[in-house]
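Here is how the chains run, residue by residue.
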Amino acid sequence: MLDLTPDELIGRAKALDLPAQHHIDGIDEPGGGAAFAVVSPRDGQLLTQVADAGQAEVDQAVAAARRAFDAGPWPRLAPVERGRILLRMAELLEEHREELALTITLEMGKPITEAYAIELRAAITTFRWYGQLADKLTDESPHTVADALALVTREPTGVVGAVVPWNFPLTLASWKVAPALAAGCTVVLKPSETSPLSALLLGRIGTVAGLPPGVLNVVTGDGPTAGRAIGLHPGVDVLAFTGSTAVGRHFLRYSADSNLKRVWLELGGKSPNIVLPDAPDLDRAAATAAWGIFFNQGEMCTAPSRLLVHSSIAERVTDAIVRRAEDLRIGDPLDPATEMGALVGEAHLERVQGHIAAGREQGARLRTGGERTLTESGGSYLRPTVFDRVDAGMRLAREEIFGPVLSVLAFDDLDEAVRLANATEYGLAAGLWTSDLSTAHRVSRALKAGTVWVNCYEEGDLTVPFGGMKQSGNGRDKSAHAIDKYTELKTTWIQL
C-alpha cells in the first residue's frame, strides 16, 4: 500500500464505503435519526454524516451488552475459545489494514505511513496478544489450614463502558476492548465524535470474527450526551476512559452519582525529557526529542513536550531540534512522503495557537514555527514549533498543549532537573538521557511517572503496563495487568 502514489491513495480513499450507523447487538443500527458531521482535517471537507447517540441508543447498547453477559455464551466460553475469536479479529484487522489506515488518516489527519505501519500494527498486535493470553490466566489456591481449601478466582466484572479519544482511535480502543473481551466481559465502546469511523469498522470486524451479538457494541456521539449517558448508566459495571483530565473528573462524578462503577482513567500529560551532558549520543537524543514532540502532530498524551536540558549543552541540543523542525515535511496525510499531517480540526488548531500566543506574551523565545501553513488546502496544518528560554511558571511549561509545540527549559544540576520534571500535576511519562547507570536508576526512581524511558522514548511492547500517576490517571493498559481492570477477585473458603 505504501508503494502507491498520492493520487492512487486519494482515489482509494474516495472509494471507501464509510460506516454511518451504530453497531449494536451484532448489527448496524441507525438509531433515532439524529446525525452529526464528520469533517476531514486534511482538507476541511465533509466525510459523512454519522448516527448521533442519545440516551435511547445508549440504553439499547447497554441492554444488549447486559443480555450478552448475563445470559449469553461469551463469559461462559472456554478461555481458549474466546482467545481464538480475538485472534480472528487480529487476522481481520490485517486483512482490512488498508481500509482502516485510510479511514484513520481521513478522520483525524495522521500521515498514512503512520496509520498503516504504526497504528494498525499496534491494534493487530494487541488483539493477537490478548487472544494468546486468554487461556493462560490462572486462579489461586493459597496454603491455609489443613481442614480447609481456599480458592481465589478471577471472574469477569460485567459490562464495560469504554470511551476513547481521537488521537489514536484504533490503538486506544484496542487497549480497552481486547483485554475486556479476553476476561469475558462485554463492551459498549464510544469513540470520539471526531474520529468515530474506524471504531465502527472495529465493531463490524468483531461480529464477523464470531463475537456473539451484544458482546461488542459501538455507539457514536458526543461526550456531554453519549459519554455522560454511559458514565451514569446503572447497567455499566466498569468505565475505562482515555482523554483529558477535566473529562476524567466528570466520569468520577458520574460513578458517584450512579452505581459506584469502577472508573479507570488514562489522562493527560506534560512529560519531561531530561538530557544530561553525559548522554551517550547527543545527536540521537536531539533527534529523538524532535521525533517525540512532532510525531502524530504532537497529539499524544505522552509527548515529551518539556525538554529539560543541561545549560552546558542547551544551545547545541536546541539548535539540532530546530533544524529538524524546519526540515520536517508537512503535507497531505495521504501522501506517503508526508512526515507531519494535519491537526485534528480547526477548533483544536485554534486552541494550540492560543498556547503559542501565550508563550510569546509571557517572554519565551520562539525559535521556529508558531504559524499555520498549507492554508490553501482547507486543512488544519501548523508548523512544528520550538520555544526556549521557558520558565517553569509559564503556561508552556504547565499546561498540556496536545500539539507540535516543544518547550525547552535549562537546568544547572541534577537535583534541579528532577525538581523541574516533577513540578507538574501530571505523571504519565518521562525520558532520561545519561551514560551513568547509577544516575539512570536513581533518577528513574525519583521521577513521578508511570513510564520512564532511558536513552530512548516511546519504546515498549504489550508485555509492559502503561498508565499514569497523579492527575494522569489510575490503572494500567497493556500487559497482563490490564486484565485486573476487568475482573473481580472472589474468595471461596471450603471447610473440609
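Residues numbered from 1 in each chain as written. Predicted model: local features only at pLDDT ≥ 70, side-chain atom pairs only at ≥ 80, totals over all residues. Heavy atoms only, no water.

As a reminder, the rule being used: UniProt positions are given in the numbering used here, feature names are shortened, and annotations may be inferred rather than shown by experiment.
Looking at an unreviewed UniProt entry, one finds the protein chain named Aldehyde dehydrogenase, with Streptomyces hyaluromycini as its source organism. Recorded in UniProt for the protein chain, the comment headed Sequence similarities (unreviewed entry) runs: "Belongs to the aldehyde dehydrogenase family."

1. Regarding the environment of T144
To keep it simple, the criterion reads: Helix and strand assignments follow DSSP, with helices taken as H or I runs no shorter than four residues and strands as E runs no shorter than two, numbered in order from the N terminus. Should any heavy atoms of two residues lie within 4.5 Å, those residues are considered in contact.
For T144, the position within the fold is in the loop between α5 (112-133) and β5 (148-156). In the structure, T144 is positioned 349 residues away from W493 in sequence and 10.0 Å away in space, judged by C-alpha atoms. Apart from the residues lying within four places of it in its own chain, the contact partners of T144 are A150 and W493.

2. A look at the side chain of K176
Our working definition: Polar contacts, as used here, are pairs of N or O atoms within 3.5 Å; protein pairs need one atom able to donate a hydrogen and one able to accept it. Residues neighboring in sequence count only if both atoms are side-chain atoms.
Residue placement: K176 occurs in helix α6 (residues 169-183). Only 2.8 Å separates the side chain of K176 from the side chain of T242, close enough to count as a polar contact.

3. Examining α6
Here is the rule we go by: One less than the residue count of a helix, multiplied by 1.5 Å, gives the span that helix is expected to have. One fitted axis covers the seven residues ending at a residue, a second covers the seven starting there, and the bend at that residue is the angle between these axes. Burial here depends on accessible area, computed with a 1.4 Å probe over protein chains only, as a share of the maximum for the residue type. Under 20% is buried, over 50% is exposed, and the range in between is partly exposed.
Between its terminal C-alpha atoms α6 stretches 22 Å, which fits the 21 Å expected from 15 residues at 1.5 Å a residue. W175 marks where α6 bends most, by close to 25°; the proline P179 follows one to four residues later. Within α6, 15 of the 15 residues are buried, leaving the element largely enclosed by the surrounding structure. Directly beyond the C-terminal end of α6, a positive phi value near 105° is found at G184.

4. Considerations on the pattern of salt bridges
So the rule is basically this: The term salt bridge refers to a side-chain nitrogen of Lys or Arg lying within 4 Å of a carboxyl oxygen of Asp or Glu.
Within this structure, the stated rule accounts for 29 salt bridges. Residue E315 pairs with R365 through a salt bridge whose shortest N-O separation is 3.6 Å. Residue E315 is found in helix α11 (residues 314-327), and its partner R365 is found in strand β13 (residues 365-368); the two are separated by 50 residues along the sequence. Taking the relative accessible area as the measure of exposure, E315 reaches 44% and is therefore partly exposed. For R365, a relative accessible area of 25% translates into the label partly exposed. Put simply, R395 and E399 hold a salt bridge, and the shortest N to O gap is 3.3 Å. What makes R395 partly exposed here is its relative accessible area of 27%. When salt bridges that share partners are traced, they join E315, D319, R365, R367 and D388 into one network.

5. Points about the UniProt feature "domain: Aldehyde dehydrogenase" (unreviewed entry) in the protein chain
With numbering matched to this structure, UniProt assigns "domain: Aldehyde dehydrogenase" (unreviewed entry) to residues 35-491. Between the C-alpha atoms that bound residues 35-491 there is a distance of 47 Å. The span itself is 40% helix and 19% strand.

6. Description of the packing of aromatic side chains
Note the threshold: For Phe, Tyr and Trp, where Trp contributes only its six-membered ring, two rings pair if their centres lie within 6.5 Å, and the inter-plane angle classes them as stacked under 30 degrees, edge-to-face over 60, or tilted in between. Counted as over-ring charges are cases with an Arg CZ or a Lys NZ within 6 Å of the ring centre that also lie within 35 degrees of the ring normal.
Scanning the model with the defined rule gives eight aromatic pairs in all. The interplanar angle of 40° and the centroid separation of 6.1 Å between the aromatic rings of F168 and F295 together place this pair among those described as tilted. Here F295 lies in the loop between α10 (282-294) and β12 (306-310) and F168 lies in the loop between β6 (159-163) and α6, a separation of 127 residues in the sequence. On the basis of relative accessibility, which here comes to 12%, the residue F168 falls in the buried class. For F295, a relative accessible area of 8% translates into the label buried. Seen in terms of ring centroids, W291 and F295 are 5.0 Å apart; in terms of plane orientation they differ by 20°. Their pairing is stacked. An aromatic cluster is present here, built from F168, W291 and F295 joined pairwise through their rings. A cation sits over an aromatic face here: R97 above Y116, 4.6 Å from the ring centre. Seen from the ring of F168, K110 lies directly overhead, with NZ or CZ sitting 4.0 Å from the centre.

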